[in-house]
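# Close look at the chain arrangement
Chain by chain, the residues run as shown.
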Amino acid sequence: MNSNDTDRERRRRFDRVVSVFHQDMYRYAAWLCRDPSIAEEVVQEALLRAWKSLDALREDSAAKPWLLTIVRRENARYFERKRLETVDIDDLSPAQSAMLAEREDSQLEDMRLAIFRLEDDYREPLVLQVLMGHSTREIAELMGIQQGAVLTRLHRARHKLKDEMDKEAAA
Amino acid sequence: MNVSGKNMNCEEYKEAIAANPSTSSADVDAHVVTCESCAAFQAEMQALDSRIAAALAINTPDLKTPDLPPIEDDNVVNMPFERKSKTPFWLAIAASFALAAIIGVQFAGNGPAGDYSLADQILAHIDHEPGALRVTDVLVSDERLSRVVNPSVGTMDRSVGLITYAQSCVINGRTIPHLVIQGEKGPITLLLMPDEMVDSASTFMGEGVDGIILPVGNGSIAIIGEREENLAEIEQKVMDSVEWSI
């Protein structure tokens, strides 16, 4: 196989892997950074890094956690580069507001806002479990924490959301 | 948190269900069939999860793949390997000796350690000295500190924080001071590398830890702390407290 064939095969493999998980990468990034425009930037950077390090992905079946790990790192790098502590959630940008209220469904919007306001430590494992379908063990590996800590955070995250929803219902 | 279900009481059951409403096993299921209150709680949590799932499924824009650069040898990134803190201590030591042997051979042959980036070596080194990362308020003595950070390397004043570990170690074939200070979230490792010149600051990650290698004069300093630690704050303190002799 000459180098052109190798390049083409590499590109085919990359497209195959990315086409399946591109939306997951974006949604994960969006919930990590809570800003759709930053999420797009983070995913672009993550894709470039994934392309350069594609050889490190030994099995395509492991692509999802591999790509999400890269997104996670790129998100951390983004905020480090920009020296941003956090995204301000008290004063939502138009893009953030649009992300929360893309459909006319006040219950959905309330839930999104409640998730949006969760601390990073609680929001991230919830996204990985509910949206990405990761097991507790996979979440622990990706976040670099113990499984027990993951369970505790998930437990607390749901209770916080339940409390918020109960308050909304009572209001 | 008991998720096995054996002798599970209502409180434990509810904790497990709140952590994962779709969790199921013979033991967990055995509890819920005998407890109406827990069955209602499970139904409530599953309904909540449906709402959470719907809320998380935001629309995605028209996602495009960026222009991908041609792959050349110097364009390929070696992803840093994760720090595996669960590695048995004896295995970590054996592995570090093997890594040291490889690095030693390569260093003796021709300089830097081949495929192992500086960040890789730092994470491997931290793994094989787990005793350094103790939460303690017992400071190293001035005598020991000056022996490890000796005048031929430079000076370090104690304004950096509580220095609880000081040891001369080998990184990338060079003997360097390995220090640990106590941070807000846990022990923080400092590696003073007066001969390890880097072009710019670079960050890296291990399992549960973040690290940064900062250029300082003609050398560099690596700072590694727990993921939640504010390393930016530590960076400035470290830079202010170290002065190279070279």
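Throughout what follows, the structure given in this document is the object of discussion. (Residues numbered from 1 in each chain as written. Chains lettered and ligands numbered in written order. Predicted model: local features only at pLDDT ≥ 70, side-chain atom pairs only at ≥ 80, totals over all residues.)

### A short note on the overall build of chain B
For clarity, the cut-off: Per the convention used, a helix needs a DSSP run of H or I reaching at least four residues, while a strand needs a run of E reaching at least two, with both numbered from the N terminus. Note on burial: count the other C-beta atoms lying within 10 Å of the residue's C-beta; 20 or more is buried, 12 or fewer is exposed, in between is partly exposed, and C-beta positions come from the backbone. Residues are treated as contacting if the C-beta atoms built from their backbones sit within 7 Å of each other.
Scanning chain B for helices and strands turns up seven helices and eight strands. Counting across all 246 residues of chain B, residues that qualify as buried make up 33%. If you take every contact in chain B between residues at least 6 apart in sequence, the share linking residues at least 24 apart comes to 55%.

### Overview of the interface of chain A and chain B
Under the convention used in this document: Charged residues are taken to be Asp, Glu, Lys and Arg, nonpolar residues to be Ala, Val, Leu, Ile, Met, Phe, Trp, Tyr, Cys and Pro, and polar residues to be all remaining types, Gly included.
With 44 residues of chain A in contact, the opposing surface of chain B contributes 33 residues. For the side of chain A that touches chain B, the per-class residue count stands at 20 nonpolar, ten polar and 14 charged.

### So, the sheet that holds strand β7 (residues 219-226) of chain B
Residue and element names in this part refer to chain B. To keep it simple, the criterion reads: A pair of strands is treated as paired once DSSP finds two or more bridges between them. Orientation is described by axes fitted as lines to C-alpha atoms, over the contacting stretch for helices, and by angles from 0 to 180 degrees between their N-to-C directions.
Pairing within the open sheet is antiparallel, and its six strands lie in the order β2-β3-β4-β7-β6-β5. Of all the strands in the sheet, the pair left with one neighbour each is β2 (163-171) and β5 (202-206). Along the sheet, successive strands turn relative to each other by an average axial angle of 20°, direction set aside. One ladder, built from five bridges, connects strand β3 (residues 174-182) with strand β4 (residues 187-193); its direction is antiparallel. Of the residues in β4, the one forming a bridge with H178 is L191.

### Observations regarding the pairing of β2(B)
The two faces of the sheet receive side chains in turn, since in a regular strand these alternate between them. All names here are of chain B. Direction of pairing for β2 relative to β3: antiparallel, over a ladder of eight bridges. Opposite A166, over in β3, you have L179 as the bridge partner. Counted between consecutive antiparallel strands, the loop separating β2 from β3 contains two residues, among which N172 sits at a positive phi close to 55°.

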